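Inside the fold
For reference, the chains in residue letters:
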Protein chains: 2
Amino acid sequence: MKQPDPEDAAVAGTSSLCPTCVEWRCGVGSLLTPDEARQIAAVSVRRQVPAGTELMATPNLRDSCIALLRGVVKVSRLLTDGRQQIVSLKSAPDLLGAPFAPPGEVSVRAVTEADIYCVPRHAFEAVVRQNRGLEHRLHLRALEDLSEAEALLLTLGRKTARERLATFLLDMAGRFRPAEIGKRCDTLDPAYDHDTLDLPLTRAEIGDFLGLTFETVSRQFAALRRDGLIDFSDARRVSVKDRKRLRSAAGT
Amino acid sequence: MKQPDPEDAAVAGTSSLCPTCVEWRCGVGSLLTPDEARQIAAVSVRRQVPAGTELMATPNLRDSCIALLRGVVKVSRLLTDGRQQIVSLKSAPDLLGAPFAPPGEVSVRAVTEADIYCVPRHAFEAVVRQNRGLEHRLHLRALEDLSEAEALLLTLGRKTARERLATFLLDMAGRFRPAEIGKRCDTLDPAYDHDTLDLPLTRAEIGDFLGLTFETVSRQFAALRRDGLIDFSDARRVSVKDRKRLRSAAGT
DNA sequence: TGCGCGTTTTGATCCAGATCAAGGCGAGCG
DNA sequence: CGCTCGCCTTGATCTGGATCAAAACGCGCA
């Protein structure tokens, strides 16, 4: 997409833009140009939050867009009696809380310890208004999120428990390489085992993502293991043993 | 939103912009300014399609954005074995197939007879590129669609059959006033019964929307009726008898 | 007017996944 | 250490919704 610009080094050196922000800018998928990154960095605050933090509970975060620099965050919708549905899972680097989106009834909670960058919403929106290209990139991103949500709708509405788990594993594969949870960037080290991943979620959270109970998640994992499609070295570390069969178990 | 501009009459009279297009422009929620409407009308083709038409099957529609002028359309995702999940229900006036969205694995099928306006995708995108404000409005619309999809995720992932049906009815209420299916615009006639609606979908389609079978849809409708929350004059025409209890049956 | 077909209702039965229950395992910690 | 507290597994049972089956209801059409 964007040229790997030599301006980066210079940017990192200037004023308020730290190296991490540069990484974020790159990692977020060329969302920001160096100039946009600079403008946004100028009005932002960096924080570290422990696992389990509800970000929307912190008052001044409610009015911020949040750049996720490190860690994993779950976005859920809740029913009054406590039932919840995880609506999307965000891993660094990503952006939480789109500019221009009305506040909405969601909970945003750190799954792991996380480093975040808080951008006051109105300031972010002001930057967007000045940068036509940025709005276009945000627009495209919203459309991608929509497409992801639709895929999850199909999973929740029409797939069996086994198919949901297989779908979930394929979705996670590649996203969470082992021991990289909490790391800032995926280095492209060829030594990495592409078929092994560390799940960032508990069984209960996977259930909240897939519309199942944690017992069913556990049992279906056990079944997929028995059938030789996957294996576990411990509860969180999975290896995909037979991608082809796993894919067919996901029901297309 | 937009000022009710006196330019309309003039626009309607000029060249290629017909009165219906003006209505579409207004109805779509101020998506287009008169000038944008004119530009888009200049490159579009109007068609009428019978109920059941698969729009994405028509080759040149695959590369179009579709303005829905009259009728109801369902957007679904399919599994190879025929299971399907309706991902969104569009009623006139609305826009199908967002500019810039990658083609994606969806089926778009007319539920009722429909009048549509086909805008070649690249031409639409060209217009958008020239109109900063239009892209912003499309961006906001994508965020709304995303929010709707998230609400449906909660419904599919965590609600019981009864809650799903109650949620569905509240969602439809107001959207489909009786005998207005297929009409072009909702006139604000105070005589209308605000609590009665004509369902545009069959029981099977409602099932495909809510992740249920048509038998379960039928039975839960019967149960809600027995409990006095709703009533049917025929299979398609529902009246909400007790909105408060229906809302609580929807599980918030 | 009666036929045929898609839709809807309702009944009977089945089963995938929920619920209830009991241990086990591992990590932090006094 | 040994304890506690989350997490995870596994078993037994229950149940909401699926599946299978049949009949009734329109509605367009000959």
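Here we summarise the structure given alongside this text. Given the structure is predicted, the values throughout are model-derived calculations rather than measurements.

Some points on the sheet that holds strand 4 (residues 84-91) of chain B
Residue and element names in this part refer to chain B. Read across the open sheet, the 3 strands follow the order 4-3-6; overall the sheet is antiparallel. Of all strands in the sheet, those bounded by a partner on one side alone are strand 4 and strand 6 (106-110). Going across the sheet, the axis of each strand differs from the next one's by a mean of 25°, ignoring polarity. Contacts from helix 8 (residues 203-210) reach strand 3 (72-78) and strand 4, with the element oriented near 105° to strand 4.

Section: the protein's contact with DNA strand C
Within the structure, DNA strand C sits among 17 residues, and Ala161(A), Thr216(A), Arg219(A), Arg203(B) and Ser218(B) are positioned closest to it. In DNA strand C, atoms within 4 Å of the protein come 59% from sugar and phosphate. A distance of 3.1 Å separates a phosphate oxygen of DNA strand C from a polar side-chain atom of Thr213(A). Contacts to DNA strand C include Arg219(B), whose side-chain N or O atom sits 2.9 Å from a base nitrogen. Among the elements of the structure, helix 9 (214-226) of chain A together with helix 9 (214-226) of chain B are those that each provide at least two residues to the surface near DNA strand C. When residues of the surface near DNA strand C are assigned to their parent elements, the largest contribution, 5 residues, is made by helix 9 of chain B. Partitioning the surface near DNA strand C into residue classes produces 5 nonpolar, 6 polar and 6 charged.

Some details on the interface of chain B and chain A
Every contact between the two is made by 45 residues of chain B and, on the other side, 45 residues of chain A. Between chain B and chain A, a total of about 4,000 Å² is buried, with carbon and sulfur atoms accounting for 60% of that surface. Our count for the chain B to chain A interface comes out at 8 salt bridges. A salt bridge links Arg83(A) to Glu163(B), with the shortest nitrogen-to-oxygen separation between them at 2.8 Å. Viewed at the interface, chain A and chain B are joined by 28 residue pairs in polar contact (both at pLDDT 80 or more). When contributions to the side of chain B that touches chain A are tallied by element, the ones reaching two or more residues are strand 3, strand 4, helix 5 (121-130), helix 6 (132-158) and helix 8 of chain B. In terms of residue count, the dominant contributor to the side of chain B that touches chain A is helix 6 of chain B (20 residues). Each residue belonging to the side of chain B that touches chain A can be placed in one class, and the counts come to 21 nonpolar, 13 polar and 11 charged.

Definitions and cut-offs
- Residues numbered from 1 in each chain as written.
- Chains lettered and ligands numbered in written order.
- Predicted model: local features only at pLDDT ≥ 70, side-chain atom pairs only at ≥ 80, totals over all residues.
- Heavy atoms only, no water.
- Pairing = 2+ DSSP bridges.
- Helix = DSSP H or I, 4+ residues; strand = E, 2+ residues; numbered from the N terminus.
- Axes fitted to C-alpha atoms, helices over the stretch in contact; angles between N-to-C directions.
- Contact = heavy atoms within 4.5 Å.
- Near = heavy atom within 4 Å.
- Polar contact = N/O pair within 3.5 Å; in protein donor to acceptor, adjacent residues only side chain to side chain.
- Nonpolar A, V, L, I, M, F, W, Y, C, P; charged D, E, K, R; others polar.
- Buried area = accessible area lost by both parts, 1.4 Å probe.
- Salt bridge = Lys/Arg side-chain N within 4 Å of Asp/Glu carboxyl O.

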